[in-house]
Amino acid sequence: MTAATRAHRWRIYVLEARYQFLMVLREPAFAIPTLLFPLIFYLFFGVVLGARSFSAAAPTYMLATYSVFGVMGPSLFGFGAGLAMERDSGVLLLKRTTPMPAAAYLLAKVAMAIAFGAAVILGIFLLGAHGAGVVLYRWQWFALAGVVLAGVIPFCALGLAVGAWSRGRGAVAITNLVFLPMAMLSGLWIPITIFPAALQDVANALPAYHQAQLALKIIDMDGGQATLLHVAVLGVQSLALLAVAAFGFRRAGTGAVSMRPGGTS
Amino acid sequence: MSEPDIARLSGVTHRYGSVVALEEVDLEVRRGEVLAVLGPNGAGKTTAIHLLLGSLPVQTGKATVFGQRPDAPGVRARRGAMLQISGVPDTLTVSEHIDLFRAYYPTPLAAADLLAMAGIEGIEGRRFGKLSGGQKQRVMFALALCGDPHLVFLDEPTAGLDVEVRRGLWEEIRRHRESGRTTVLTTHYLEEADALADRIVVLHRGRVIAEGAPSTIKSRTAARRVRCVTRVTVDAVASVPGVVRSETRGQHLEVLTSRPEALVRELFDRDPDLHDLTVVGAGLEEAFLALTRESDEPEPVR
Amino acid sequence: MKAGNRSGTRSLWILAVAAAGFIAALATLPVPESAAAPGQEVPESRFAVVDVTLFDGETFRRNQDVWIEDGRVRGLGPRLRLPEDLPRVDGRGHTLLPGLIDGHVHTFGGTLNDALRFGVTSVLDQFTDPALLTGARAARDEIARTAEADLFSAGMLATAPGGHGTQFGMAVEPLTEPASAAAWVRARKDEGSDWIKIISEDGAAHGGELQFPALDRETIGALITAAHAEELLAVVHVTGIERALEAVSQGADGLVHVWIDEVIAEEDARRVAEAGVFVVPTLSVIASMFGDSTGLRVLDETDEELISPMQWGTLGDRSYLRTGTEGEAALENVRRLHEAGVRIVAGTDAPNPGTGAGISMHSELRLLARAGLASDAVLAAATSAAAEAFRIPERGRIAEGHVADLVLVRGDVESDVSHTTGIVTIWKDGYAVAREPAATGSAPEIASAPDGPIVVDFEDGIDAGFGSGWQVTTDAMNGGASTAELAVEAGALVVRGETKAGFPFPWAGAIWFTGPQPMQAVDFSGRTTLRFRTRGDGRPYTVMLFGAGAAGTVPPAVPFTAGPEWAVVEIPLESFSTADPTIIAGLAFVAQAPLGSFTFELDDVEIR
């Protein structure tokens, strides 16, 4: 591969990501919930309510969990709903006839999720620091940002699986059905320790729970399970979800279903 | 560009479950030509296009583009396509879409040229979602040309457009034809194929039932339907030259023929009392039917 | 292509700027005020220990901040909102414990200082001079800098005439009948006793080695009833299971030893639990009796400079040492009691032989862990359980409003209770404790002895011979009241005197200062035996060995008997249970218990 073709391929990745980002940024139905909801939730529950307690623990705990929540949104919706809708509209099919590498398309969505996630967590961090007096060691701020952003991997894998197995508007509904209960049951809004034991067991099956525990580990507010356990569960779940997604695409194609006889329109 | 044929389907059969979309299709796209694949809905046109685009796997037979597999990277770089899709994302502007698609190709056309070729100068700053149906199709056309392709597929480019807008788009496609690019377009409008194509392949129920210059195809599908009350039997008219099909409908004898004058003369000869005679032009469907009859029944024309 | 490149390049620039902005914004986020590393310039009275694992009295809690203000805990929790000017101690990698509470001690001399120096900020004394009680109450109620642990005490104990507790020489008012119980308890309350300690001991559990007259069942019952009537707790000294269970059935609130004669049946353990009776097992003293070396190991691990002569002396004293499996029985009893849900309170019975004030609390914790208590249960026994069992207010927990008695130790105590010896800082009433033995004074250098046997034959009077001579020694040096006088008659040393109540281990007799000046130690290395001739009134006597800097301790001792005829006594030096018995500042030949007058003679005293 010559330098020119390398530069050319690199440019595809950059532009695909750029326009993916611009595209969803200009889509109020996507941008407002994913950018503002975690910030508003954190402002209300973490800063306004949490700051009334003597301890700064509640705002600090929620700083970590709402950040995970904030990264989960763009990852799930970008892949789950976004991918299903782009497949339905045929854009994905059209792009697959061009020299665009499939990876550019997928990585663009991951990059978009990271960009949105970074914006959300920066907002949450600033709210927590200046609104609720959250104080962390510098390495903790950076590590927290890093670990939380690494959550795009399992969440994008989950979104990809949802997107592969659902279509259009249905994908939005399914994504919401995954998103909100998982956030709740994983302790992203309130610590799961207040839940009944059975629900706490459910949390152990959810990637968001393990992601949140890893984030809480940085500020030493996790439940005390092993780091390796969380990383292993997330790794296995991500691979399993990617396999589920791959199977879904193989079954449905990238949009070719619309070419069945009688399906043309 | 030394390939004798730019793209080819050889002996291709394609099934969706039990439904046969293409059956033993041979299709050749020659360099520099505008080939129209003509056929009614469900004839297999889009399936044929997607086999040549590599977005459907070949089940039986062979598909080649520029002598390679249709999904080979080198093929993608020299090919453009306009598909029957609802569009590209609404929230990006025309020039942003063009910028992105140009980036996919190693030697893209200049953005200004593309705008001119598609006739969309002046709307490049508008978001795709704000455009009219015709403007959207022109943008999709521009996207198909971004990579300065040697081969362009236009899958029903004017479907869903009103007559005026459709004719406007024809202008762009016709101008594009002059650029010497090989173009495959699918349509179910004979008129569109006639207006744009150098050569027409007629697909019906997954088979190629006719192939030739537009004038040839047009004459072969210029059937008329003759209807009257007469005592002449169905069998008796079947042997009249030009008759494609004959049948009885209630009191009426209905005959489909490419030579209505000869038929009417023959009918009056045999039954001077015939009445209630009407001669009407047959629809495209019937024209295809005529062609089908020819292709389905290999025995000598009756 | 060039024109198209622009949007790609611009995207990269935007990306780079956004990433840099993100990192820069993260770098502006607030970080904690710098906290002092533990141990350096320890803040006092008003400060916070931040990001520490703390044991709050019940459970371990990680990453807590504790805010101390005016000698009390003002607040605690993860990430407290602390004033910016509040001095901070960085608690990472450390465990913060409530000040330890030793549930069974005896107070005299420097024991309160010894206790505090080892993180025992309160002691629950089970028999001491009632004269100490008034001062103790005043001291413990004041939030102020102090060098001594808070003292809570039973004061005088309740026992039968001649019973256990009378042998130590301290004034005891014995009981003879149930009818006197109420007045007796009232007198204790007036003296300032915090609870009532009752002896239920006839020596039977010790295999007949000891025999005591014991209080009868009715008197014990009456004492318990009287204590409760005065709203005082009644705790009972037992060493045998039969008397233990009887005390439980009589309504005792606690037992201040675990019994060693028998392993308790599970249903009996449940009975103890149901009765709500707590047990202070005093495994330290019991284990050391039966040869367990946990206490000595803790001694080994401890910086020598922190150990007072008295701690050296009592820990090294093996005079209670005997053989037997009762130590294991004691551990098993604790295990069963804990499993049955009986509240266990850590207590050492220091400074009895084999234990040291304060320091033995750390071996007690290890012994409780060995008995099967988890780390949190072990530490609760030494903190909150002790405070609650004996109704000690504002202590035993790190909780808002509690006295800031705190111990900061290195490492994770939850994973291993033996980390409690890694003390970094002790705060008492919020003040940092200076960890220096109160009774230090630079001991004179150790002199060397000429080679060969050293003999003193008294042929030329009392001052003749090696060293700086013979003098009277009595427990007066430890606050006792015994007396003695010396004379040389017919070339032998005659010692006459009387042992009297006053010090728990009373003594009186003669001491031979072997150094060039009194209490200067001499290095007798190479010598192995103390040999002397003696005769006397037939009662038991003791040779006590004083080592280097040994003031204020109960020195290691070996018994001998002076019969009517002259006899030679040979004692291997290694029989003296001390670190190095060849370092000798003095050898005391003394009478101890029983109290009373005595006469004996010594001659040809030889170290060879």
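Residues numbered from 1 in each chain as written. Chains lettered and ligands numbered in written order. Predicted model: local features only at pLDDT ≥ 70, side-chain atom pairs only at ≥ 80, totals over all residues. Heavy atoms only, no water.

## Details of the overall build of chain C
Thought 1: The helix and strand inventory of chain C stands at 14 helices and 30 strands.
Thought 2: Long-range pairs, those at least 24 residues apart, make up 73% of the contacts in chain C with a sequence separation of at least 6. (Helix = DSSP H or I, 4+ residues; strand = E, 2+ residues; numbered from the N terminus. Contact = heavy atoms within 4.5 Å.)

## Let's talk about the overall build of chain B
Thought 1: Scanning chain B for helices and strands turns up 11 helices and 13 strands.
Thought 2: Counting only residues that meet the buried cut, chain B has 55% of its 302 residues in that class.
Thought 3: Summing over all exposed atoms, chain B offers an accessible surface of approximately 12,600 Å²; the carbon and sulfur share of this is 48%. (Buried < 20%, exposed > 50% of the residue type's maximum accessible area, 1.4 Å probe, protein only. Areas by Shrake-Rupley, 256 points an atom, 1.4 Å probe, with all protein chains shown as cover.)

## Section: the packing of helix 3 (residues 57-89) of chain A against helix 5 (residues 102-131) of chain A
Residue and element names in this part refer to chain A.
Thought 1: Orientation of helix 3 relative to helix 5, taken along the N-to-C sense of each, is 150 degrees, at an axis distance of 8 Å. In this view, helix 3 runs roughly antiparallel relative to helix 5, as classed from their interaxial angle. When the axes of helix 3 and helix 5 are compared, the crossing they make is right-handed.
Thought 2: The residue makeup of the contact of helix 3 with helix 5, split by class, is 16 nonpolar, seven polar and two charged. (Axes fitted to C-alpha atoms, helices over the stretch in contact; angles between N-to-C directions. Parallel < 35°, antiparallel > 145°, perpendicular 65-115°, else oblique. Left-handed = near helix turned anticlockwise from the far one by under 90°. Nonpolar A, V, L, I, M, F, W, Y, C, P; charged D, E, K, R; others polar.)

## Describing the pairing of strand 9 (residues 207-212) of chain B
Working note: regular strand, side chains alternate between the two faces of the sheet.
All names here are of chain B.
Thought 1: Sheet topology places strand 8 (residues 199-204) next to strand 9; five bridges connect them, and they run antiparallel. Paired with Ile200 across the bridge in strand 9 is Gly212.
Thought 2: Counting the residues between successive antiparallel strands, the hairpin from strand 8 to strand 9 contains two residues, one of them, Arg205, with a positive phi of roughly 45 degrees. (Pairing = 2+ DSSP bridges.)

## Some thoughts on the pairing of strand 2 (residues 60-69) of chain C
Residues and elements named next belong to chain C.
Thought 1: Counting buried residues along strand 2, eight of its 10 residues qualify, which places the element largely inside the surrounding structure.
Thought 2: In the sheet, strand 1 (residues 47-55) pairs with strand 2 via six bridges, with the strands oriented antiparallel. Looking across to strand 2, one finds that Val52 is bridged to Gln64.
Thought 3: Counted along the chain from strand 1 to the antiparallel partner strand 2, the turn is four residues long, and its residue Gly57 has a positive phi close to 115 degrees.

## Examining the environment of A:Gly163
Thought 1: Its place among the elements puts A:Gly163 in helix 7 (residues 152-165).
Thought 2: On a C-alpha basis, the gap between A:Gly163 and A:Ala245 in space is 7.7 Å, while along the polypeptide they are 82 residues apart.

## Some remarks on the side chain of B:His252
All names here are of chain B.
Thought 1: Relative to the elements of secondary structure, His252 occurs in strand 12 (residues 252-257).
Thought 2: Here Asp276 takes part through its side chain, which lies 3.2 Å from a polar atom of the side chain of His252.
Thought 3: Beyond its immediate stretch of four places on either side in the chain, His252 contacts Arg227, Cys228, Val229, Glu247 and Asp276. (Polar contact = N/O pair within 3.5 Å; in protein donor to acceptor, adjacent residues only side chain to side chain.)

## Re the interface of chain B and chain A
Thought 1: Taken together, the 32 residues of chain B in the interface contact 27 residues of chain A.
Thought 2: Summing both partners gives a buried area of about 2,900 Å² for chain B against chain A, and 65% of it is carried by carbon and sulfur.
Thought 3: In this structure, the connection of chain B to chain A is made through one salt bridge.
Thought 4: Notably, a salt bridge pairs A:Arg26 with B:Glu96, separated by 2.6 Å at the nearest N-O pair.
Thought 5: Joining chain B to chain A, the criterion identifies 12 residue pairs in polar contact (both at pLDDT 80 or more).
Thought 6: It is helix 3 (residues 94-104) of chain B that provides the largest number of residues to the side of chain B that touches chain A, a total of six residues.
Thought 7: Tallied by class, residues from the side of chain B that touches chain A come to 18 nonpolar, nine polar and five charged. (Buried area = accessible area lost by both parts, 1.4 Å probe. Salt bridge = Lys/Arg side-chain N within 4 Å of Asp/Glu carboxyl O.)

## Some remarks on empty space enclosed by the protein
Sizing a probe to match a water molecule and rolling it over the atoms shows the empty space that remains.
Thought 1: Enumeration according to the criterion identifies three cavities of 30 Å³ or more in this entry.
Thought 2: There is about 80 Å³ of room inside the largest cavity.
Thought 3: Every residue lining the largest cavity is listed: A:Glu16, A:Tyr19, A:Gln20, A:Met23, A:Glu86, A:Val91, A:Lys95, B:Pro89, B:Leu92, B:His97, B:Leu100 and B:Phe101.
Thought 4: Elements supplying a minimum of two residues to the lining of the largest cavity: helix 1 (3-25) and helix 4 (91-96) of chain A together with helix 3 of chain B.
Thought 5: A total of four residues in the lining of the largest cavity trace back to one element, the largest contributor, which is helix 1 of chain A.
Thought 6: When the residues that make up the lining of the largest cavity are grouped by side-chain class, the tally is seven nonpolar, two polar and three charged.
Thought 7: Here the second largest cavity defines a volume of roughly 60 Å³.
Thought 8: Taken together, 13 residues line the second largest cavity, and the ones lying closest to its centre are C:Val105, C:Thr111, C:Ala115, C:Val123 and C:Ala357.
Thought 9: Listing elements by their share of the lining of the second largest cavity, those giving two or more residues are strand 6 (100-105), helix 2 (111-117) and strand 7 (120-125) of chain C.
Thought 10: Here the lining of the second largest cavity gets three residues from one element, more than from any other, and that element is helix 2 of chain C. (1 Å grid on protein atoms, 1.4 Å probe; cavity = no way out; pocket = protein on both sides within 12 Å on 5 of 7 lines; lining within 4 Å. Points joined across faces, edges and corners; volume = space filled by probe spheres on them.)

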